[in-house]
Amino acid sequence: MKVGVTLNINGKDHAVQVEPRRTLADAIREECGQTGTHLGCEHGVCGACTILLDGEPVRSCLMFAVQAAGRRIRTVEGLADGEKLHPLQRAFIEHHGLQCGYCTPGFLMLAAGTLERNPDISDAELLEVLSSNLCRCTGYKNIVTSVRAAAAEMKAHR
Amino acid sequence: MEFDNTLEVPLPPDEAWKVLLDIQRIATCIPGAELTEVVDAQTYKGRVAVRIGPVAMSLVGQARLEEIDSANRKARVKAQGADPKGRGSADSVIEFRLEPAGTGTRVLIHSDVKLAGLIAQYGRGSGMIESVASQLIAQFGSALKAQIEQSRSRPAAAPEANPLPAKPVSGLTLIARALWDSIVRLFRKQSPK
Amino acid sequence: MKPAVFEYHAPKTVEAAVAVLAEVAPREGRVLAGGQSLVPAMALRLALPAHLVDINGVKGLDRLVVEAGELAIGACVRHAAFHRPAAEGPLGALLAHVVRHIAHYPIRTRGTFCGSLAHADPASEWCLVAATLGARMMARSVRGTRAIAAADYFQGPMTTALAPDELLAEVRLPILSPDSRFGFCEFSRRAGDFAIAMALSTFRIRHGVMTGARIGVGGVEGSPRRIGAAESMLEGQRPSGEVFRAAADRVAGSVEPLEDARYSAGYRRDLARVLTRRALEIAAA
């Protein structure tokens, strides 16, 4: 039995019909067509589905779409400003922070949310935050390097 | 995974053995259990409803008496149960014996339990099974003790409904429940009637 | 990996929430707060609730306030709320220290303190805190509110004294005296993993000797609990390695550890000993 809910994603409203059991991750991908958010484990362990909900990193596979009404959702599609890539996206390319790219949107949103709230984050704390998500390709080192580089650039342009 | 439990019954061993054979009384100490078929003298089919937190399962299974030694008051039971929804299964071998303990009886239970499927992989239940089994056995023991004490104070009364509050079957492991059901049912078959 | 069908309820008041809960609890109805434990179980279809009562929209459940010598924590207060001290003094510092051990940051933005208590996983850090400090659990239902003391609340893995139709509306932690010390130590294989074992200790030092000691262990048994026999060993004693080792040995001797395919009872017992000693040393430092 479907219900109507309006999801605000990257500033745009999507009025959709979903069953209550439809996860936010699935609704973002299917009903709203924003497939940048990926499904890894679908039970809250890998973080590939990470999005920003009112600025906070959240695992969208652990929320139901009906719970996100009236909230501001930001996904990886919303990072770039038109053709201009976000500092995080540029840094991941420059510092080889991705290989297969499957975990990347989750890392990007996790990093974006973290750096926006805490631009002066310490190395130790950043490592702690980035250890929230899983990557099978990179061995994490370049992800950390990329985020650090982006953090520096984001600070410089505040 | 193997573990041991003990249970105290406030009756001398011969009487305790008989009480445990009295299926009516035992059944009232185990809420949520159901015997569905007596296949033969050693084999029983049944169902038991168990829950650990948000996970509730109705395990359907069978218990088979492998060995019973009335003279020494010990027995071995093999029990298997599976979730009809395909979330996993359990295979267990339980050995138990009665020994005198002061004026009462101590029931010594040794269980060997193997979980398979989803509940084994994701349930983190394996680490809790033993703890929950101990809980269950303790609850069963308290209920049994209360019943024994009640029938002592009113020896002429027929066995009644469980005087304990109807506590929901919470935190009871699927294994322990299947085990106890199988134990009491095989006892019934050995009842000297 | 998709949850099964359920009926969704989103009450706006506590009264409405407990009324719905009273109706649906007997029919496999459960409360949805942070969902960080429940939804994974639903995704795996281990948990199959027929009804979910979403309390995230209920007014007044996000209270986090000190009153009458207690820190009142409402049902919708997220773990992340404790990153900055939620109370002045040692309690706030203790909670801010412990919270960093709970899962990972994105889980802490949604998961709730009360949710951890209601779920009662043996490896829950908040459950150890509640058991050690002697929290009061405020259970709300259509019958009203009742306070459940920590000593009566934990009844085994994932098992509490809450009735199926009771909402854990609030948990109240006693404010620690300004001169209280605390030490918390957890062991897991990787950051963010479920704790294999953990220990929490608080005590005061008056005239050079320890007093009012509390020692709690979690993750070792089906429920967290205080080890009174070890606590009394500290009373009136000067803090010293010898006293701490003896107390830790007492803890190791008192616990009946869980055993599973990965970690033996002996391993957990050993961890209980080591973590207790470390927690005491941290508190005394």
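Model, not experiment: these values are computed from the prediction. The numbering scheme is per chain: residues are counted from 1 as the chain's sequence reads. Whichever chain is written first becomes A and whichever ligand is written first becomes 1, with later ones labelled in order. It should be noted that, the model being predicted, local features are given only for residues of pLDDT at least 70 and side-chain atom pairs only at 80 or more, the latter also being counted only at that level, while totals for whole chains, interfaces and linings use all residues.

K.L.:
With reference to specific residues and values, describe the packing of helix α2 (residues 87–94) of chain A against helix α5 (residues 141–156) of chain A.
P.N.:
Residue and element names in this part refer to chain A. Viewed as axis vectors pointing N to C, α2 and α5 meet at an angle of 140°, and their least axial separation amounts to 8 Å. Considering their axes alone, α2 and α5 lie oblique with respect to each other. Along this stretch, α2 crosses α5, giving a crossing that reads as right-handed. Contacts between α2 and α5 involve P87, L88, A91 and F92 on the former and, on the latter, S146, A149, A150, E153 and M154. Taken together, the residues of the contact of α2 with α5 sort by class into 7 nonpolar, 1 polar and 1 charged. Axis definition: a line fit to C-alpha positions, over the contact stretch in the case of helices; interaxial angles, taken between N-to-C directions, run 0 to 180 degrees. Helix numbers and strand numbers start at the N terminus; a helix is a DSSP run of H or I with at least 4 residues, a strand a run of E with at least 2. We call two directions roughly parallel when the angle between them is under 35 degrees, roughly antiparallel when it is over 145, roughly perpendicular when it lies between 65 and 115, and oblique otherwise. By definition, any crossing whose near helix is turned counterclockwise from its far helix by less than a right angle is left-handed, and any crossing with a clockwise turn is right-handed. With C-beta atoms placed from the backbone, a contact is any residue pair whose C-beta atoms sit within 7 Å. Residue classes follow a fixed rule: Ala, Val, Leu, Ile, Met, Phe, Trp, Tyr, Cys and Pro count as nonpolar, while Asp, Glu, Lys and Arg count as charged, and any other residue, Gly among them, counts as polar.

K.L.:
Can you tell me about the domain arrangement of chain C, naming the residues and giving the values?
P.N.:
All names here are of chain C. Note that the domain bounds reflect an automated or database-derived domain assignment. The domain architecture assigned to chain C consists of domain 1 (7–54), domain 2 (64–174) and domain 3 (183–284). Computed from C-alpha atoms alone, the centre-to-centre distance between domain 1 and domain 2 is 19 Å. Each partner contributes to the interface: domain 1 provides 14 residues, whereas domain 2 provides 18 residues. Taken together, the residues of the side of domain 1 that touches domain 2 sort by class into 10 nonpolar, 4 polar and no charged.

K.L.:
Account for the interface of chain A and chain C, with residues named and values stated.
P.N.:
Each partner contributes to the interface: chain A provides 21 residues, whereas chain C provides 23 residues. No other element matches the 4 residues that strand β4 (residues 56–59) of chain A contributes to the side of chain A that touches chain C. Residue classes in the side of chain A that touches chain C are distributed as 8 nonpolar, 7 polar and 6 charged.

K.L.:
Hey, could you go over the domain arrangement of chain A for me, with residue numbers and the actual values?
P.N.:
Residue and element names in this part refer to chain A. Along its sequence, chain A is carved into domain 1 (3–78) and domain 2 (87–156). A separation of 21 Å is found between the C-alpha centroids of domain 1 and domain 2. Counting residues at the interface gives 16 residues for domain 1 and 15 residues for domain 2. Listing elements by their share of the side of domain 1 that touches domain 2, those giving two or more residues are β3 (50–53) and β4. Ranked by the residues each element gives to the side of domain 1 that touches domain 2, the list is headed by β3, at 3 residues. Here the side of domain 1 that touches domain 2 is built from residues that sort into 7 nonpolar, 8 polar and 1 charged.

K.L.:
Before we move on, can you summarise the pairing of strand β4 (residues 55–69) of chain B with the specific residues and values?
P.N.:
Two faces belong to every sheet, and in a regular strand the side chains alternate between them. All names here are of chain B. Any two strands are treated as partners once DSSP identifies two or more bridges connecting them. In this structure, strand β3 (residues 43–52) lies alongside β4, joined through 10 bridges in antiparallel fashion. Within β4, the residue paired with K45 across the bridge is Q62. If you look at the hairpin formed by β3 and β4, you'll find 2 residues sitting between the two strands, and G53 has a positive phi there, around 65°. Taken together, the 9 bridges between β4 and strand β5 (residues 74–82) define a ladder with antiparallel strand orientation. Across the sheet, R64 pairs through a bridge with K78, a residue of β5. Once β4 ends, the chain turns through 4 residues before running back antiparallel as β5, passing R73 with a positive phi of about 50°.

K.L.:
For the nonpolar core, give the residues involved together with the corresponding values.
P.N.:
For soluble globular proteins, the rule of thumb is that nonpolar side chains tend to be buried together. Core analysis: the largest hydrophobic core is formed by 152 residues, its most contacted members being I55, L117, A130, L168, V171, V251 and A272 of chain C. In terms of nonpolar packing, the next biggest core, distinct from the first, is built from 19 residues, L7, A16, V77 and A143 of chain B among them. Nonpolar cores are built from buried Ala, Val, Leu, Ile, Met, Phe, Trp, Tyr and Cys residues. These are joined into a set through C-beta atoms within 7 Å. Any residue with 12 or fewer other C-beta atoms within 10 Å of its own C-beta is exposed, any with 20 or more is buried, and the rest are partly exposed; the C-beta atoms used are placed from the backbone.

K.L.:
Let's hear about the arrangement of the chains: which residues, and what values?
P.N.:
Across the 2 pairs of chains in contact, the largest number of contacts is found between chains B and C. Between chain A and chain B there is no contact, and the shortest C-alpha to C-alpha separation is 11 Å.

K.L.:
Requested: an account of the pairing of strand β8 (residues 167–174) of chain C, with residues and values cited.
P.N.:
All names here are of chain C. Burial runs high along β8: 6 of the 8 residues are buried. In the sheet, strand β5 (residues 70–74) pairs with β8 via 5 bridges, with the strands oriented antiparallel. In the strand pairing of β8, L71 is matched with L173. Here strand β6 (residues 136–141) pairs with β8 via 5 bridges, running antiparallel. Note that in β8 the partner of M137 across the bridge is V171.

K.L.:
Give me the lowdown on the confidence of the model for chain C, citing residues and values where you can.
P.N.:
Should the pLDDT be low somewhere, the predicted coordinates at that spot are not to be read in detail. The predicted model of chain C has a mean per-residue pLDDT of 96, with 100% of residues at 70 or higher. Model confidence for the complex: the whole-complex pTM is 0.89, and ipTM, which rates the interface, is 0.96. Per-residue confidence from the predictor is reported as pLDDT, a score between 0 and 100.

K.L.:
Before we move on, can you summarise α2 of chain A with the specific residues and values?
P.N.:
In an α-helix, one turn spans 3.6 residues; hence positions three or four apart end up facing the same way. All names here are of chain A. Every buried residue of α2 is accounted for by P87, L88, Q89, A91 and F92. Where α2 is buried, its residues meet α3 (104–117) and α5. Two residues or fewer after α2 comes H96, characterised by a positive phi angle close to 55°.

K.L.:
Please give an account of the environment of G46 of chain B that cites residues and values.
P.N.:
Examined against the element boundaries, G46 of chain B turns out to sit in strand β3. Put simply, G46 of chain B and K114 of chain B are 68 residues apart on the chain and 19 Å apart in space, counted from C-alpha to C-alpha.

K.L.:
Which residues make up the sheet that holds strand β4 (residues 64–67) of chain C, and what values go with them?
P.N.:
Across a sheet, strands are paired by hydrogen bonds formed along the backbone, either parallel or antiparallel in direction. Residues and elements named next belong to chain C. Across the sheet, which stays open at both edges, the 5 strands sit in the order β4-β5-β8-β6-β7 with antiparallel pairing between neighbours. Each end of this open sheet is capped by a strand with a single partner; those strands are β4 and β7 (144–149). Averaged over all neighbouring strand pairs, the angle between strand axes comes to 25°, with direction disregarded. Strand direction decides the pairing type here: β4 and β5, joined by 4 bridges, are antiparallel. When the bridges of β5 are listed, E67 appears paired with E70.

K.L.:
Report on the environment of E66 of chain B, specifying residues and quantitative values.
P.N.:
All names here are of chain B. Mapping E66 onto the fold places it in strand β4. Taking C-alpha positions, E66 is 23 Å from E15, a pair spaced 51 residues apart along the chain. Setting aside residues no more than four positions away along its own chain, E66 makes contact with R76, V77 and K78.

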